[in-house]
Number of protein chains: 2
Amino acid sequence: MEPAPLHEISTPGRVAAAGEGIGPQELALATRNHGLPLEALRYEVTPPGLHYVLVHYDIPAADPGAWRLTVGGLVRTPLALAPADLLARPAVTLRITMECAGNGRARLNPRPISQPWLVEAVGTADWTGVPLSGVLAEAGIRPDAVEAVFTGADHGIERGVEQDYRRSLPLSAATAEDPQVLIAYAMNGRPLPPQHGHPLRLVVPGWYGMAHVKWLRDITLVDAPFTGFQQTEAYRYRQAPEDPGEPVTLIAPRALMVPPGFPDFMSRVRIVHPGPVRLEGRAWSGHGPVVRVEVSADDGRSWADAELTPPGAHRWAWQSWQRTWSATPGTHLLTARATDADGRTQPLEQPWNRGGFGNNLVQRVPVLCT
Amino acid sequence: MEPAPLHEISTPGRVAAAGEGIGPQELALATRNHGLPLEALRYEVTPPGLHYVLVHYDIPAADPGAWRLTVGGLVRTPLALAPADLLARPAVTLRITMECAGNGRARLNPRPISQPWLVEAVGTADWTGVPLSGVLAEAGIRPDAVEAVFTGADHGIERGVEQDYRRSLPLSAATAEDPQVLIAYAMNGRPLPPQHGHPLRLVVPGWYGMAHVKWLRDITLVDAPFTGFQQTEAYRYRQAPEDPGEPVTLIAPRALMVPPGFPDFMSRVRIVHPGPVRLEGRAWSGHGPVVRVEVSADDGRSWADAELTPPGAHRWAWQSWQRTWSATPGTHLLTARATDADGRTQPLEQPWNRGGFGNNLVQRVPVLCT
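Peer 1: Mind laying out the overall build of chain A, listing which residues take part and the relevant values?
Peer 2: Across its full length, chain A holds six helices and 22 strands. For 370 residues, the compact-globule estimate of 2.2 N^0.38 gives 21 Å, and chain A sits close to it at 21 Å. Principal-axis analysis of the C-alpha atoms places the extent of chain A at approximately 70 × 55 × 35 Å. For chain A, the residues scored as buried account for 61% of the 370 residues in total. In chain A, which carries 33 positive and 37 negative side-chain charges, the distance between the mean positions of the two groups comes to 4 Å.

Laid out in structure tokens, this is it:
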């Protein structure tokens, strides 16, 4: 056969037509990647295999013995670190709630075509590693450096651009003391699983998942803002293709509920019996602690405050909330919404953008009480 | 609101209309459950979190301390076993390839509406537990018993029927010496993760996943074939709704390939460069060892034998295969097909049935060589 031009297999981003169902390409992503089954919100720390996973290209085959993390560019002393070199340093463990920037995309109308998340692209883990700031200090940051560019080992094509996955952080964020950015080698006390970046990944508390570069193999300091694909083409809030847009950065507030009662297999509608029903879930924001969670049993016409656990020792992890609801026979649409210390509240109308990023529209849980 | 009748939220099985895209209910299942990213075929034992998961209802909240597995019905001595009682017995570990009976469903035309798997609902793990036959012998099988019925703790509604997940095995299979059915408490040397049946599950070598009852809490011996929902309504090969159909039992043969080269993010089409390309993957069957794997680079018009690893010590686990392909510029459709010792070969045309079970149509991997 004649070669297909690259632009036929790697096409521009697009938005679904009215009524267009999820197509084969979106389905292929949905069967590879996976979210948190919502009943797993019951666990403060998400057990292995239930944390969301989004892989842009392939999970690389990593040999931890041969792996080197190089640190170069505008540094005084370039480094080449083996995972064992990092394991020998004082370890820091942070409990972090991580969320995909595309969470909620498939609920948008019209729907941007990409990984079709509903609300479940989230998870919380204990990440262990070393502070990035210490590694950069050891390399010696030259005064003309303004950003650090992080390169992962996953390689592919996206909208016609062949690339290793690559993202940057401003040096102010990369070297901050609070929150501390980690180069992590362990998740929940065990070596990173392959799909979460084995042997090394970046962990950036409060930021959406695209910043937490997995399979980290290089850090390069540069003297101008990075303009790579994942920084300036993807991961922008824009209304039209030609719009430069705003960068996707911190996680918007969100509350999620453990769906109460039990489900129908196919519709996932919940069945509860009349009487008191404990509603509970988790809430988080990258902009500050969550200060309020409200619950509605009538699709947002009326709201009542839930009891909310303060952030405590794990500032960058989700907080738990609960409230008892008196279920009466009928169908109900349950919802919850979070407000953070920065004054941000989840919207009741979709915050549409062309990439389908940061859609923190409130979750809606249909319940039949019989 | 007035209660919705149950039949409005828990509807009969159906088949998609011509051109009907994946709908919101199928998507909700696809984001909860997940398959094996195909590059993870590189691992002989699937790492945690990459093994396929299919949960009918919710993952139950299990307290292993309070958990009891009851054994009753047509036995001489009913038992109530704690997980610790099983841990105290001699352990057996089996490496098992497990596959969802619905694997391949979303490739059928017309498409049965349910969990929309493509080809990835598979995984291989080392399962540790105790032989079911020993537990049944301890309880004392009465001569009138013909089947063992296994009840899991997951509870829900399916096509209008409220149920705990429940399946049976003939006693001949339940007490066989080869293959041995296990009551498993560990996966890959660690306690079962919640989504894989914590604290106890059944493992039935060679059978599709529906037989491996998770969150196992009861075994009841009965004197007639079990006619519960998951035995006689679901998991039947049928062409029409009124057809009684044949039961879904052993895994049909399948070979899968690690997609070569690197992918486009959205289309998942692979890019390779001209020259020798190593094709490799795994193959398995529940009917006997795989005895032949063939590879085609022209969508099945011509075939060449791959080098196949014999089953060796792990008879119920997948076997690896490989062959070098000389890539030439152009587009190619790569495929592989397995043949087992029972003489079964993967079909080149879809083996359609109304539930979308056992579709082992050959995988097709589109590749662009540039």
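Having seen the model, we can carry on.
Peer 1: Quick rundown of the environment of A:T328? Include the residues and the values.
Peer 2: Residues and elements named next belong to chain A. Take T328: it is sitting in the loop between β20 (319-327) and β21 (330-340). Assessed through its relative accessible area of 42%, T328 is described here as partly exposed. Remark: the alpha-carbon pair of T328 and W284, spanning 44 residues in sequence, is separated by 30 Å.

Peer 1: Which residues make up the sheet that holds strand β14 (residues 262-263) of chain A, and what values go with them?
Peer 2: All names here are of chain A. If you walk across this open sheet you meet the six strands as β14-β15-β22-β21-β17-β18, and the pairing is mixed. Across the chains shown, the open sheet's two edge strands, defined by having one partner strand only, are β14 and β18 (304-305). In this sheet, strand β15 (residues 270-272) lies alongside β14 in antiparallel orientation, the contact comprising two bridges. The partner of P263 across the bridge, within β15, is R270.

Peer 1: Can you explain the side chain of A:E39? Please cite residues and give values.
Peer 2: With respect to the element layout, A:E39 can be found in the loop between α2 (24-32) and β1 (69-73). Take A:E39: its relative accessible area is 2%, and that puts it in the buried class. Reaching out from A:E39, the side chain makes a polar contact with the side chain of B:R32 at a distance of 2.8 Å. With residues up to four places along the chain from it excluded, the contact list for A:E39 reads A:V258, A:P259, B:R32, B:Y57, B:D58 and B:I59.

Calculation criteria
- Residues numbered from 1 in each chain as written.
- Chains lettered and ligands numbered in written order.
- Predicted model: local features only at pLDDT ≥ 70, side-chain atom pairs only at ≥ 80, totals over all residues.
- Heavy atoms only, no water.
- Helix = DSSP H or I, 4+ residues; strand = E, 2+ residues; numbered from the N terminus.
- Rg over C-alpha atoms; globule rule 2.2 N^0.38 Å.
- Buried < 20%, exposed > 50% of the residue type's maximum accessible area, 1.4 Å probe, protein only.
- Lys, Arg positive; Asp, Glu negative; His and termini not counted.
- Charge placed at Lys NZ, Arg CZ, Asp CG, Glu CD.
- Pairing = 2+ DSSP bridges.
- Polar contact = N/O pair within 3.5 Å; in protein donor to acceptor, adjacent residues only side chain to side chain.
- Contact = heavy atoms within 4.5 Å.

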